[in-house]
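Listed here are the chains, written in short residue letters.
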Amino acid sequence: MAEVTVLVAVYNAAAFLPRCLDSLTGQSMSDIQIVCIDDASTDGSLQVLSDYARRDSRIEVVRLAENGGQAHARNVGLRQAHGRYVCMVDADDWLSADALEQLCAAFGAETDCVLFDVVKVYPDGREEPYPMPDFATLTGQEAFRLSLTWQIHGLYGVRLAIHQQYPYDETCRAYSDDNTTRLHYLASRRVSRCPGRYYYRQHAASVTHAATVRRFDYLRANESMRRQMVEQNVEPTLIDLYENHRWLNLVDVCMFYHVHGRRLPAADRRYGLSLLHHTWATIDRRALRKETTAKFGYRPCSTWALFRLQEWFYFTLRGLFLKNK
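Predicted, not measured: the structure shown is a model, and the values here were computed from it. (Residues numbered from 1 in each chain as written. Predicted model: local features only at pLDDT ≥ 70, side-chain atom pairs only at ≥ 80, totals over all residues. Heavy atoms only, no water.)

1. As for the pairing of strand 3 (residues 59-63)
Next, step 1: Sheet topology places strand 2 (residues 32-38) next to strand 3; five bridges connect them, and they run parallel. Looking at strand 3, one finds that Cys36 is bridged to Val61. (Pairing = 2+ DSSP bridges. Helix = DSSP H or I, 4+ residues; strand = E, 2+ residues; numbered from the N terminus.)

2. Observations concerning helix 5 (residues 140-148)
An α-helix turns once per 3.6 residues; consequently, residues spaced three or four apart project the same way.
Next, step 1: If you check which residues of helix 5 are buried, you get Gly140, Ala143, Phe144, Leu146, Ser147 and Leu148.
Next, step 2: Packing partners of the buried residues in helix 5 comprise strand 8 (137-139), helix 7 (177-187), strand 10 (190-201), helix 8 (217-231) and helix 9 (236-260).
Next, step 3: Of the residues flanking the end of helix 5, it is Trp150, one or two places downstream, whose phi is positive at about 55°. (Buried < 20%, exposed > 50% of the residue type's maximum accessible area, 1.4 Å probe, protein only. Contact = heavy atoms within 4.5 Å.)

3. Details of the pattern of salt bridges
Next, step 1: The tally for this structure, following the rule as stated, stands at 18 salt bridges.
Next, step 2: One salt bridge in this structure joins Arg197 and Asp117, with 3.8 Å as the shortest N-O distance. Taken together, the residues span a long stretch of sequence, with Arg197 in strand 10 and Asp117 in strand 6 (residues 111-121) at a distance of 80 residues.
Next, step 3: Across the pair Glu243 and Arg246 runs a salt bridge, and its minimum N-O distance is 2.9 Å. Note that Glu243 and Arg246 are positioned in helix 9 at a spacing of three residues, about one turn of the helix. Pair check on accessibility: Glu243 and Arg246 agree, each one buried.
Next, step 4: If you follow the salt bridges from partner to partner, you end up with Lys120, Asp124, Arg126 and Glu128 in one network. (Salt bridge = Lys/Arg side-chain N within 4 Å of Asp/Glu carboxyl O.)

4. Description of the packing of helix 5 against helix 7
Next, step 1: Close contact between helix 5 and helix 7 brings their axes to 6 Å; oriented N to C, the two are set at 155°. On the basis of the axis angle, helix 5 is roughly antiparallel to helix 7. The way helix 5 lies across helix 7 gives a crossing that is left-handed. When helix 5 is examined against helix 7, the residues Gly140, Gln141, Ala143, Phe144, Ser147 and Leu148 are found in contact with a partner set consisting of Arg182, Tyr185 and Leu186. (Axes fitted to C-alpha atoms, helices over the stretch in contact; angles between N-to-C directions. Parallel < 35°, antiparallel > 145°, perpendicular 65-115°, else oblique. Left-handed = near helix turned anticlockwise from the far one by under 90°.)

5. Considering the pairing of strand 6
Next, step 1: With 10 of 11 residues buried, strand 6 is to be regarded as a mostly interior element.
Next, step 2: Here strand 6 pairs with strand 10 via nine bridges, running parallel. The partner of Leu115 across the bridge, within strand 10, is Arg193.
Next, step 3: In this structure, strand 6 lies alongside strand 7 (residues 127-129), joined through three bridges in antiparallel fashion. Bridge pairing links Val121 to Glu127 in strand 7.
Next, step 4: In textbook terms, the turn of a hairpin is the stretch between consecutive antiparallel strands, and for strand 6 and strand 7 this stretch comprises five residues, one of which, Gly125, has a positive phi near 90°.

Structure, rendered in structure tokens:
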């Protein structure tokens, strides 16, 4: 058994892989397993992975015949994991030389998750630390609450048993990996942090910010998270808290529809609108707090038609205000 397994899902990342893999093979601790899953890349990624695997026996390469997305690729790799702890590193990111040693050192008797010290790296080379509250350790529920608004990030190591119990959520191509992070926090007795650095490359146009139909998948991922919380008998107050989070996300995606809807194909608009309606209808209004719904634009309304009208007025007026500001 290795001390830690690193999962690296790879899709057309040949230009970035050497820096990522060099940072893993150059770690200050040697007892590691590196599982790289090539998600049917069409560039030279597989060749890069194969070259590195020939030089370092700790690297295991899995080749997928069809592209299934990051969550699926990581789950394939998770089935091969045999480290005491598991973490993931995106193929375009990298770690400081002592990151895994620092990670493992931070696991105590009751610590089940350990967060890296994340540094965001921008295209111009600028580096910026990910801002987090000052803490040494949190309960799992405290970490879950902070993760709802990403006051703490989702780049961490977790005990293998917890990760196997809660593999990556494959509901959507994007967004649903947030669910996995939050379930890991909820399942943890303690969540700690370490000074090992994770360098997180910031791209100018990421999937999560692109004006495509995939933006609506955020609502599907949210619903999947709520369903899993109910299935796991999570404390009702936390489920109610998550319903408030879902409501805020619903309004946010309504804004996306208002701003970008006309640029989408008709079928995508229909899909997005039906998902907005479904989300509005399935959120438990009894759980919504006054501070969540008090402001115009955030009120539930008695019918879907009234809610849509409210959103149209709210985002139209908001757009005019910002334009004239």
